[in-house]
Amino acid sequence: MAETETLDHNDRDERNAPTSYHFKVGDQGVALDIQDFNLWYGETQALFDNSLEIQKGMVTALIGPSGCGKSTLLRSLNRMNDLVDGLRIAGRIEVDDFDIYGRSVDVIALRKRMGMVFQKPNPFAMSIYDNVIYPLRVDGVTKKSILDETVERALRSAALWEEAKDRLKESALGMSGGQQQRLCIARAVASDPEVLLMDEPCSALDPIATAKIENLMADLRGQYTIVIVTHSMSQAARVSDNTAFMYLGRIIEYGATETVFTNPKLARTNDYVTGRFG
């Protein structure tokens, strides 16, 4: 049975209704411009007509119930979904006025501009130092002074330098979970990306490590455009400037986080942020 056949009339109406925007969201410029973006896995449609301007230098949270398409949309921003068989898309995602799904796009170069941090820390089985410089090694950088400078800069950006500076040659696998996640952030920023994509980066961490990651996001705000998927309403409220609420594969409301949480336009958004469903 097709997915649309399982939806009730209210769900169909919400999926087809225009997205509710709260303006003015910001004036720093647009880092990513998503335009009528649709995505299919084979015959199954996962994303429906999503349009969203992600503001430069701000933290944007994608929230919504499980299976609503948050991570699918996030992974579309650096084309990680390309690895899935049967993928098909329609619409555009623009960076600097070019479509990232254009035929001439260098996907490897695109992913360097879009650093990715996953749900669970995934350090490589190598030293802390080698983890951080891995993106530079891939690019053929061998000059030690550049590598050393990058390691310190990236670890400082990830608020990890003081904890790691005396153990750079030790295995990254010996670090705590929270340290490993900050190391993954350091690895992501080592190649100096424009955007950081974070897919529930705190879901596997304890409250203390979560607080450190959230403080780090606050420190990185302005240096990078950050897009975070989170199931935690309190986390979205704490860390993000703007929030997009997704439901049934579609962004149905988007605006400044305070407005979305305290004065949403749609009943479905209000029900979600107040915990009536999820």
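Everything numeric in this text was worked out from a predicted model, so none of it was measured. (Residues numbered from 1 in each chain as written. Predicted model: local features only at pLDDT ≥ 70, side-chain atom pairs only at ≥ 80, totals over all residues. Heavy atoms only, no water.)

Peer 1: I'd like to hear about the overall build of the protein chain, residue by residue, with values.
Peer 2: The secondary structure content of the protein chain amounts to 11 helices and 11 strands. Dimensions of the protein chain along its principal axes, counting C-alpha atoms only, are 60 × 40 × 40 Å. Counting every position in the protein chain, which comprises 278 residues, the buried fraction comes to 52%. The contacts of the protein chain with a sequence gap of at least 6 include a subset with a gap of at least 24, amounting to 70%. Just so you have it, the protein chain exposes about 12900 Å², and 49% of that area is on carbon and sulfur atoms. Across the protein chain, the 31 positively charged side chains and the 39 negatively charged ones have centroids separated by 4 Å. (Helix = DSSP H or I, 4+ residues; strand = E, 2+ residues; numbered from the N terminus. Buried < 20%, exposed > 50% of the residue type's maximum accessible area, 1.4 Å probe, protein only. Contact = heavy atoms within 4.5 Å. Areas by Shrake-Rupley, 256 points an atom, 1.4 Å probe, with all protein chains shown as cover. Lys, Arg positive; Asp, Glu negative; His and termini not counted. Charge placed at Lys NZ, Arg CZ, Asp CG, Glu CD.)

Peer 1: Now, about the sheet that holds strand β5 (residues 87-95): what can you tell me, with residues and values included?
Peer 2: With antiparallel pairing, four strands are arranged side by side in an open sheet as β3-β2-β5-β6. Because the sheet does not close on itself, it has two edges, and the strands there are β3 (44-55) and β6 (98-99). (Pairing = 2+ DSSP bridges.)

Peer 1: I'd love a proper account of the packing of helix α5 (residues 144-157) against helix α7 (residues 177-190), names of residues and values included.
Peer 2: It is the contact of α5 with α7, at a shortest axis distance of 8 Å, that shows an interaxial angle of 125°. For the element pair α5 / α7, the angle class is oblique. Here the hand of the crossing between α5 and α7 comes out right-handed. Residues Thr150, Arg153, Ala154, Leu155 and Ser157 of α5 lie in contact with α7, whose contacting residues are Leu183, Ala186, Val189 and Ala190. Its residues placed into classes, the contact of α5 with α7 shows six nonpolar, two polar and one charged. (Axes fitted to C-alpha atoms, helices over the stretch in contact; angles between N-to-C directions. Parallel < 35°, antiparallel > 145°, perpendicular 65-115°, else oblique. Left-handed = near helix turned anticlockwise from the far one by under 90°. Nonpolar A, V, L, I, M, F, W, Y, C, P; charged D, E, K, R; others polar.)

Peer 1: Please provide a residue-by-residue account of the sheet that holds strand β11 (residues 250-256), values included.
Peer 2: Strand order in the open sheet made by the seven strands is β1-β11-β10-β4-β9-β8-β7, with mixed pairing throughout. Both edges of this open sheet fall to β1 (20-21) and β7 (114-117), since each of them pairs with a single strand only. Where β7 lies against strand β8 (residues 195-199), four bridges are found, and the strand directions are parallel. Across the sheet, residue Gly115 finds its bridge partner in β8, namely Leu196. Packing against the sheet, α7 makes contact with β7 and β8, and its axis sits at approximately 170° to β7.

Peer 1: Lay out the environment of Ala172 in plain terms, naming residues and giving numbers.
Peer 2: Positionally, Ala172 belongs in the loop between α6 (161-164) and α7. Sequence separation of Ala172 and Ile185 is 13 residues, and the distance between their C-alpha atoms is 13 Å. Those residues within four positions of Ala172 in sequence are excluded, and the remaining contacts are Pro123, Phe124, Met126, Ser127, Ile128, Asn131, Gln180 and Leu183.

Peer 1: Now, about unusual backbone geometry: what can you tell me, with residues and values included?
Peer 2: The backbone phi angle of Asp36 is positive, close to 45°, even though this residue is not glycine. Here Asp36 shows up in strand β2 (residues 30-41). Residue Asp36 is classed as partly exposed on the basis of its relative accessible area of 49%. Non-glycine residue Glu200 carries a positive phi angle of around 45°.

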